[in-house]
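Below, each chain spelled out in residue letters.
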Amino acid sequence: MQTILGAGGGIGTDLAKELTSFTDTIRLVGRNPKKINENDFLLKADLTNKEDVFKAVEGSEICYLTVGLKYSSKVWQRDWPILMDNVIAACKEYNSKLVFFDNVYALGAESMGNITEESPINPCSRKGIVRAEVERKVLNAVEKGEINAIIARAPDFFGPIKENSALNIMVYDNLAKGKKAQWLCNAKVPHTFGFTPDLAKGTAMLGNAADAYNQIWNLPVPKNTLTGEEWINLFAEKMNVPAKFMVMPKWAVSTLGVFVPIMKEIAEMTYQNDRPYVFNSSKFDKRFNLKLTGLRAGVERTIEFMHDVGK
């Protein structure tokens, strides 16, 4: 059995589809899990509850941790360490392999121009400090021989998902409403976005490759990285609308953060938008043979999905 902890989000949904290539038995765990494949097993659980996590992990050969907590530093500080302790303890108890779908928040601003597996853990935000803490928990458990685990890092992402994508929210949603697209800080520098079906497929491939364990891997992305302006132009072209956009400077994000809670959360992360943000997946590309979805095709699929769910 392979289990997805936090199965309700966009990555968990795509991952459930991809795992059918590797197993006939998939358990989807979440607060309100729903079947993706006909034969999925569903289990309601609160991953901050140790008893729930042990029930979720028991009998699993591989567990994929894809949970997405509310985008709040306070929530992350409160819940992530407990959640990760629970998952590591359960994987140790039941000898289950762990694949942690992670982001790049634990890395420092100086690494954004070429994000690799060797980029040092050096967080420069409250949320980054939390991610660094939970990464170290996984790496320490591996070093002690307690579990076999993979940290699978992803960049910002977009795709046929309803939530958690800056491209979907700031670009597609605004253009679809006849408004100007929005971008943060600097639209002239490159910014890598992974396509969620590709990231999910890469996660499934890693989890089912014995030699991939006890390492950090960057998930697969195309080598060509667009600038913010180029992303907006591509969406506008495929939507057949004018490519109008506005750039929100760093000071404006900080000022709005005084009045708008979500902008306060975004303000500390602007170092990922004011300079080149280039995600390097060459390690994955050398080990695995995965034909990625092209950027244009990915944008087309995203627009089609967003149009359909908006009806």
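Before any of the text, the structure's been laid out above.
### What about the overall build of the chain?
Then step 1. On a plain count of helices and strands, the chain comes out with 11 helices and 11 strands.
Then step 2. The globule rule puts the C-alpha radius of gyration for 311 residues at 19 Å, and the 19 Å found for the chain is close to it.
Then step 3. The principal-axis extent of the C-alpha atoms belonging to the chain is close to 55 × 40 × 40 Å.
Then step 4. Each of the 311 residues in the chain was classed as buried or not, and the buried ones make up 54%.
Then step 5. When the accessible surface of the chain is totalled, it reaches about 14,100 Å², and 50% of it is carbon and sulfur.

### Remarks on the nonpolar core
Then step 1. L5, L65, W80 and L206 are the most contacted members of the largest nonpolar core, which has 71 residues in total.
Then step 2. Looking at which element gives the most residues to this core, the answer is helix 3 (residues 73-94), with 8 residues.
Then step 3. Not counting residues within four places of it along the chain, the set of residues in contact with L206 comprises I150, A152, A212, Y213, W217, L219, F284 and F288.
Then step 4. One finds L167, V171, F195 and W231 within the second-largest nonpolar core, a separate group that totals 21 residues.

### Thoughts on helix 6 (residues 196-207)
Then step 1. Under the 1.5 Å per step criterion, the end-to-end length of helix 6 is 16 Å for 12 residues, consistent within 8% with the ideal 16 Å.
Then step 2. Extensive coverage of helix 6 is indicated by the burial of 11 of its 12 residues.
Then step 3. Of all the residues in helix 6, the buried ones are T196, P197, D198, L199, A200, G202, T203, A204, M205, L206 and G207.

### Let's talk about the packing of aromatic side chains
Then step 1. Taken as a whole and judged by the stated rule, the model has 12 aromatic pairs.
Then step 2. The structure contains a cluster of three or more aromatic residues connected by ring pairs, namely F158, W183, F193, F195 and W231.
Then step 3. The ring of W217 carries K283 above its face, with NZ or CZ at 4.3 Å from the centroid.
Then step 4. When the ring centre of F288 is taken as origin, the NZ or CZ atom of R287, which lies over that ring, is 4.3 Å away.

### A few points about the environment of S96
Then step 1. Note on placement: S96 falls in the loop between helix 3 and strand 5 (97-102).
Then step 2. Here S96 falls in the buried class, since its relative accessible area comes to 3%.
Then step 3. Distance from S96 to E230, taken between C-alpha atoms, is 43 Å for residues 134 residues apart in sequence.
Then step 4. Beyond its immediate stretch of four places on either side in the chain, S96 contacts V57, S60, E61, I62, C63, C91 and N148.
Then step 5. A polar contact of 3.1 Å, which involves the side chain of S96, links it to the backbone oxygen of S60.

### Here we look at unusual backbone geometry
Then step 1. With a phi close to 65°, N214 is a non-glycine residue in the positive phi region.
Then step 2. A relative accessible area of 38% places N214 in the partly exposed class.
Then step 3. In this model, N240 sits at a positive phi of 60°, which is unusual for a non-glycine residue.
Then step 4. Within the secondary structure, N240 sits in the loop between helix 7 (228-239) and strand 11 (245-248).

### Overview of the sheet that holds strand 1 (residues 2-5)
Backbone-to-backbone hydrogen bonds join strands into a sheet, with any given pair of strands oriented parallel or antiparallel.
Then step 1. Pairing in this open sheet of 7 strands is parallel, and the strands run 3-2-1-4-5-6-10 from one edge to the other. At either margin of the open sheet sits one strand with a lone partner, and together these are strand 3 (41-44) and strand 10 (215-218). Averaged over all adjacent pairs, the angle separating strand axes in this sheet is 20°, with direction ignored.
Then step 2. Both strand 1 and strand 2 (residues 26-30) contribute to a ladder of 4 bridges, which runs parallel. Bridged to L5 within strand 2 is V29.
Then step 3. Strands strand 5, strand 6 (149-153) and strand 10 of the sheet are contacted by helix 4 (residues 126-143), whose axis makes an angle of about 160° with strand 5.

### Some remarks on the packing of helix 5 (residues 166-176) against helix 11 (residues 295-309)
Two quantities define a packed helix pair, namely the angle between the helix axes and the distance between the axes.
Then step 1. Two elements in contact, helix 5 and helix 11, have axes separated by 11 Å at closest approach and are oriented at 75°. Relative to helix 11, the element helix 5 lies roughly perpendicular. Each of N168, Y172 and D173 in helix 5 lies in contact with helix 11, whose residues at this interface are T302, I303, M306 and H307.
Then step 2. Looking at the contact of helix 5 with helix 11 residue by residue, the class counts come to 3 nonpolar, 3 polar and 1 charged.

### Considerations on the side chain of E117
Then step 1. By the secondary structure assignment, E117 is in the loop between strand 5 and helix 4.
Then step 2. Here E117 occupies a buried position and makes no salt bridge, while the nearest side chain of opposite charge, K283, is found at 5.2 Å.
Then step 3. At a separation of 2.7 Å, a polar atom in the side chain of E117 contacts the main-chain amide nitrogen of N218.
Then step 4. The contact partners of E117, leaving out residues within four places of it in the chain, are R153, I216, W217, N218, N280 and K283.

Cut-offs applied
- Residues take numbers from 1 onward in each chain, read along the sequence in its written order.
- The predicted nature of this model means local features are confined to residues of pLDDT at least 70 and side-chain atom pairs, given and counted, to a pLDDT of 80 or more, with totals for whole chains, interfaces and linings taken over all residues.
- Each side-chain value is derived from all of the structure's non-hydrogen atoms; neither hydrogens nor water enter the calculation.
- Runs of H or I in DSSP of at least four residues are treated as helices and runs of E of at least two as strands, each being numbered from the N terminus.
- We take the radius of gyration over the C-alpha atoms and set the globule estimate at 2.2 Å times the residue count to the 0.38 power.
- Accessibility here uses a 1.4 Å probe with only protein chains present; expressed as a share of the type maximum, an area under 20% marks a residue as buried, one over 50% as exposed, and anything in between as partly exposed.
- In short, Shrake-Rupley with a 1.4 Å probe defines the accessible areas, and a residue's cover is counted only from the protein chains shown.
- What is meant by a nonpolar core is a set of buried Ala, Val, Leu, Ile, Met, Phe, Trp, Tyr and Cys residues, joined one to another through side-chain atoms within 4.5 Å.
- Pairs of residues are marked as contacts when any of their non-hydrogen atoms sit within 4.5 Å.
- Here a helix's expected span is defined as the number of its residues, less one, multiplied by 1.5 Å.
- Planes of paired rings set the category: under 30 degrees apart is stacked, over 60 is edge-to-face and the rest tilted, where pairs are Phe, Tyr or Trp rings (Trp by its six-membered ring) whose centres lie within 6.5 Å.
- As a reminder, the over-ring test applies to NZ of lysine and CZ of arginine, requiring each to be within 6 Å of the ring centre and within 35 degrees of the ring normal.
- Polar contact criterion, stated in full: a pair of N or O atoms within 3.5 Å, where within protein one must be able to donate a hydrogen and the other to accept it, and residues adjacent in sequence count only if both atoms are side-chain atoms.
- Between any two strands, pairing holds if DSSP finds at least two bridges.
- Under this scheme, a helix contributes an axis fitted over its contacting stretch, all axes are lines through C-alpha atoms, and angles between N-to-C directions fall in the 0 to 180 degree range.
- Just so you know how the angles are binned, under 35 degrees is roughly parallel, over 145 roughly antiparallel, 65 to 115 roughly perpendicular, and the rest oblique.
- Residue polarity is assigned by list, with Asp, Glu, Lys and Arg as charged and Ala, Val, Leu, Ile, Met, Phe, Trp, Tyr, Cys and Pro as nonpolar; anything else, Gly included, falls into the polar class.
- In this tally, Asp and Glu contribute negative charge and Lys and Arg positive charge; neither His nor the terminal groups of the chain are included.
- For this analysis, a salt bridge means a side-chain nitrogen from Lys or Arg found within 4 Å of a carboxyl oxygen belonging to Asp or Glu.

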